[in-house]
Amino acid sequence: MATVTAFFCIGLQICTCDLLLEAAVAERIRKSPKKGPSLMAFMTGGQTVGEALAIGTIGWVLEYLGPRGPCLLALPLTWLAFVPAVGNWLGESECPEQEASQRRKAFFTARNRRGGGEIPFLVAAVGVGSLVILQVASNTDSEAANPFTDPLSAASYQLKLIALLAILIIASFCLLLNPTIGLMNAFFFLQSTSTISVEGGAFYFFTDDSASYPMGPHFSVWFYTTGLGLVASAFGIMGLWIYNHFMAHWRYRNLLLTSNLLWILVSSVSVLVFTRRNIEWGIPDDLFVLGGTVLQNVFVRWAYVPGGLLLCQVCPEGLEATMFALLAGCQNLGRSVASIFGTYLLAYLGVEPDGTPQDSHCFDHLWIAAVLQSILPLLTLGLLPRMIPDASQTDHIRLTPDGPVGDTGGQLDSDPRSSVALATSGSLWGRLCLFLSTYWGPTTAISDAGTGVSYGTSAPKERKVRGSTGGSETFRMGKMFGGAETGRMGKMFYSRARPQAVEGHDILSTTHWLQ
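Residues numbered from 1 in each chain as written. Predicted model: local features only at pLDDT ≥ 70, side-chain atom pairs only at ≥ 80, totals over all residues. Heavy atoms only, no water.

Going by the annotation in an unreviewed UniProt entry, the name recorded for the chain is Major facilitator superfamily (MFS) profile domain-containing protein, with Cladocopium goreaui given as the source organism. The chain has a UniProt comment under Sequence similarities (unreviewed entry) that states "Belongs to the major facilitator superfamily. Folate-biopterin transporter (TC 2.A.71) family." In its Subcellular location (unreviewed entry) section, the UniProt entry covering the chain states "Membrane". (UniProt positions renumbered as here; feature names shortened; annotations may be inferred.)

Draft legend 1. Structural view of the overall build of the chain. Along the backbone of the chain there are 21 helices and 2 strands. Out of the 515 residues in the chain, the part that is buried amounts to 43%. Taking as baseline every contact in the chain between residues at least 6 positions apart, the subset at least 24 positions apart corresponds to 76%. (Helix = DSSP H or I, 4+ residues; strand = E, 2+ residues; numbered from the N terminus. Buried < 20%, exposed > 50% of the residue type's maximum accessible area, 1.4 Å probe, protein only. Contact = heavy atoms within 4.5 Å.)

Draft legend 2. Local environment of the environment of T193. With respect to the helices, strands and loops of the structure, T193 is situated in helix α8 (residues 179-194). Residue classification places T193 among the partly exposed positions, given a relative accessible area of 21%. Taking the C-alpha atoms as reference points, T193 and N332, 139 residues apart in sequence, are found 9.2 Å from one another. Once residues lying within four places of it in the same chain are set aside, the contact partners of T193 are G334, V337 and A338. Within the local environment of T193, its side chain forms a polar contact with the backbone oxygen of F189, the two atoms lying 2.8 Å apart. (Polar contact = N/O pair within 3.5 Å; in protein donor to acceptor, adjacent residues only side chain to side chain.)

Draft legend 3. Fine view of the UniProt feature "transmembrane region" (unreviewed entry) in the chain. Here, the residues flagged by UniProt with the feature "transmembrane region" (unreviewed entry) are residues 119-137, 157-177, 186-206, 221-243, 255-275, 287-312, 324-346 and 366-384. Taken end to end, residues 119-137 is 100% helix and 0% strand, and its first and last C-alpha atoms sit 27 Å apart. Between the end C-alpha atoms of residues 324-346 there is a gap of 33 Å, over a span that is 100% helix and 0% strand.

Draft legend 4. View of the UniProt feature "signal peptide" (unreviewed entry) in the chain. Following the UniProt record, the feature "signal peptide" (unreviewed entry) maps to residues 1-26 here. Segment residues 1-26 splits into 96% helix and 0% strand. End C-alpha atoms: 37 Å apart.

Draft legend 5. The packing of helix α10 (residues 221-246) against helix α14 (residues 285-313), seen in detail. As a packed pair, α10 and α14 sit with axes 8 Å apart at the nearest point and diverge in direction by 45°. By the angle class used here, α10 and α14 are oblique. Judged by the twist between their axes, the crossing of α10 over α14 is right-handed. Residues F223, L228, V231, A232, F235, G236, G239, L240, I242 and Y243 of α10 form the contact with α14, whose own contacting residues are D286, V289, L290, T293, V294, N297, V298, R301, W302, V305, P306 and L309. (Axes fitted to C-alpha atoms, helices over the stretch in contact; angles between N-to-C directions. Parallel < 35°, antiparallel > 145°, perpendicular 65-115°, else oblique. Left-handed = near helix turned anticlockwise from the far one by under 90°.)

Draft legend 6. Representation of the confidence of the model for the chain in the model. With 77% of its residues at a pLDDT of 70 or more, the chain shows a mean pLDDT of 76. Per-element confidence in the chain is highest for helix α11 (residues 252-268), whose mean pLDDT is 92, and lowest for helix α21 (residues 510-514), whose mean pLDDT is 36. Here residues 142-146 scores under 50 on pLDDT; set against residues more than four positions off or in separate chains, the count is 6 contacts. (pLDDT = per-residue confidence, 0-100.)

Draft legend 7. How the structure looks around the nonpolar core. By size, the foremost hydrophobic cluster in this structure holds 64 residues, and its most contacted members are F173 and I388. Looking at which element gives the most residues to this core, the answer is α14, with 8 residues. The residues contacting I388, other than those within four sequence positions of it, are M184, F187, F188, Y252, R253, L256 and L310. Of all hydrophobic cores here, the second largest spans 22 residues; its members include V198, V271, V273 and A370. (Core = buried A, V, L, I, M, F, W, Y, C linked by side-chain atoms within 4.5 Å.)

Draft legend 8. Representation of a nonpolar patch on the surface within the structure. Taken together, the side chains of L73, L77, L80, V83 and W89 present a nonpolar region at the surface, about 550 Å² in accessible area. Within the element layout of this structure, W89 appears in the loop between α4 (82-86) and α5 (97-108). Residue W89 is classed as exposed on the basis of its relative accessible area, which comes to 63%. (Patch = residues over 30% accessible without salt bridge, like charges linked within 9 Å, V, L, I, M, F, W, Y side chains within 5 Å. Areas by Shrake-Rupley, 256 points an atom, 1.4 Å probe, with all protein chains shown as cover. Salt bridge = Lys/Arg side-chain N within 4 Å of Asp/Glu carboxyl O.)

Written out as structure tokens, the structure reads:
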């Protein structure tokens, strides 16, 4: 228990530092988007250098200091995080208590008071959903956890349950968030989920000795882990240099499409290694694997950097850390689902090696898993035009209920209530509540909190408040459920004397008018 708690604290520190840094980067990118590609490439390059140092030294640390060596060496290094914090290297200014109180109130207050109740709900949904998925995944071998006696049937049942939970979480994001943020988040989740992992079988395929798998490449563990890792990091930095000098002004869709297609092409080459075709053609395994590893890491950087840049662009002011944590958490959730699916796929295909002489026939169907690994990401590329903004990486992106608007000077708003409301403006949930309240709810002045955006529908309707003591105002409705302008609501009259007029509806306030 103590060990688990300690590693949990280690992960918590890493995630906290990483998240706060990304939030600071998001703040700067939103204010100066033309420097965004360079800043993201610089940050990613620094992380890559750190990974290379860890990969290059971990072998010697384990050899000379034992399994406790990495923890002993990392202990003083963790204190380095206090240096930029104490020195305020991020250039943060002190937030007045009144402003901090307003932000907290706006974060938790129902939207009819110019706040947002959806984001706390999403935070809770991601937290509870992740815990449930962890519980389900950790009970794969528990007979009491499932009614199946066949391990493969039990794994299939749990995989379906995990996939269902993940889909519900992503669906809640699409339902409750601004359409631009929700669709973009769904795209990156689907892309992460489609990138299944076959590493559980590939490791033994490449490192089994001649007694375990006579036809294998017989790589040493050091070469397959440390050697390839260092090469991958070095060429990953080269990929970032190429990106920063030649691709910084590409449009998001074009760069994501190009990088993913190139990655899919190189990934499909592994099929030739798993079927041993490269040996028949006279191409050595080490050359084949090195070339594939180099190119894959270059193309991965080309896809990762614009994805992170887009996340930074759509984070409303004052919500950088929370929004980045939610969106990045969904991507990590997608990777976890992909890893679980890859494990199940290998078990289904009978690819279950363990480094013993019984491995000879365990790799007969590994190439099928490699084919699926290469093909599945193609399914998400068709969603690019619908889910990713058609904007350049150096454009400002303003969030609107009907989609992003590029090169508009950004969306900067110091009002915390408006900033929180911006994250959920134009959501499907808000449109539905607005539609229902317009026809069946109390007659009130309705506007999207803090955004100044109006909605609409093609069905005109005129309503008048009973008992009104003061004049009338004309109220227009913009777009309701997306698409082209479908018409305007007619005149809606309401009393100016009602200070409690509702300014939108959310997940916390819907029950009030239903009652």
